[in-house]
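# Secondary and tertiary structure notes
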Amino acid sequence: MEFGEKIKEVRTRNNLTQEQFATQLHVTRQAVSNWENNRNLPDLEMLIAIATIFQLSLDELILGGTQVNKITEKLIKDGSETRRAKLNLITTLIGTFLLLFGFACFFIKASAVEYIDQSGILHENFYLIPVGFLFLLASFVVFAGTGINYFRAARRK
């Protein structure tokens, strides 16, 4: 059973018009009409409200039977997009920190005092330059990987 049919069944089983049904859910009558005609689907919070108000299980409301319907596909798609967005955020933060550490290495090297002690040994933070470049390279790899992954996902849509 499609989601629109399930919503209409719930509404008619409770002897409600679209207007009355919409009033109970604090939405417009047009929203209910769009749900029933499968033109639009409610978000997860609205699904929970419908299930709570009309004493339905979410399985019964969402699945409506054994076959996968449009609302189930939407929930699966929304879940994968949320995971992808979190992954993009995390990798962007990691890349940003690597970039900042790379620039910090160059700044420390530029502002550090180099000196020769009494025994003739030069004290210099020479290692900061290759470490800084290593951090910059790592941040570039992370940003490039995130960008490639983003464009691949956008192309699949």
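If you're wondering where the values come from, they're calculated on a predicted model, not measured in any experiment.

## Considering the overall build of the chain
- In terms of helices and strands, the chain carries seven helices and two strands.
- Along the chain, helices and strands appear, N-terminal first, in the series α-α-α-α-α-α-β-β-α.
- Counting all 157 residues of the chain, 27% fall into the buried class.
- The contacts of the chain with a sequence gap of at least 6 include a subset with a gap of at least 24, amounting to 58%.
- Of the roughly 10700 Å² of accessible surface on the chain, 63% is carried by carbon and sulfur atoms.

## A closer look at the packing of helix α1 (residues 3–13) against helix α3 (residues 29–36)
- Interhelical geometry of α1 versus α3 gives an angle of 125° and a closest axis separation of 7 Å. In terms of axis orientation, α1 runs oblique to α3. Taken together, the residues of α3 that come into contact with α1 (itself represented by Phe3, Gly4, Glu5, Ile7, Lys8 and Arg11) are Val32, Trp35 and Glu36.
- Counted by class, the contact of α1 with α3 contains four nonpolar, one polar and four charged residues.

## Concerning the packing of aromatic side chains
- A full pass over the atoms with the stated rule returns five aromatic pairs.
- Taking the centre distance of 5.0 Å and the plane angle of 70° together, the rings of phenylalanine 106 and phenylalanine 133 count as edge-to-face. Separated by 27 residues along the polypeptide, phenylalanine 106 in helix α6 (residues 70–111) and phenylalanine 133 in helix α7 (residues 128–156) bring together distant segments of the chain.
- Judged by relative accessible area, which is 23%, phenylalanine 106 ranks as partly exposed.
- With a centroid separation of 5.4 Å and an interplanar angle of 70°, the aromatic rings of tyrosine 150 and phenylalanine 151 are classed as edge-to-face.

## Focus: unusual backbone geometry
- A positive phi angle, close to 55°, is found at asparagine 38, a residue other than glycine.
- Structurally, asparagine 38 can be placed in the loop between α3 and α4 (44–53).
- Of note in this structure, glutamine 55 is not a glycine but carries a positive phi near 50°.
- Within the secondary structure, glutamine 55 is located in the loop between α4 and α5 (58–63).
- Take glutamine 55: its relative accessible area is 68%, and that puts it in the exposed class.

Thresholds, definitions, all that
- Residues numbered from 1 in each chain as written.
- Predicted model: local features only at pLDDT ≥ 70, side-chain atom pairs only at ≥ 80, totals over all residues.
- Heavy atoms only, no water.
- Helix = DSSP H or I, 4+ residues; strand = E, 2+ residues; numbered from the N terminus.
- Buried < 20%, exposed > 50% of the residue type's maximum accessible area, 1.4 Å probe, protein only.
- Contact = heavy atoms within 4.5 Å.
- Areas by Shrake-Rupley, 256 points an atom, 1.4 Å probe, with all protein chains shown as cover.
- Axes fitted to C-alpha atoms, helices over the stretch in contact; angles between N-to-C directions.
- Parallel < 35°, antiparallel > 145°, perpendicular 65-115°, else oblique.
- Nonpolar A, V, L, I, M, F, W, Y, C, P; charged D, E, K, R; others polar.
- Phe/Tyr/Trp six-rings, centres within 6.5 Å; stacked < 30°, edge-to-face > 60°.

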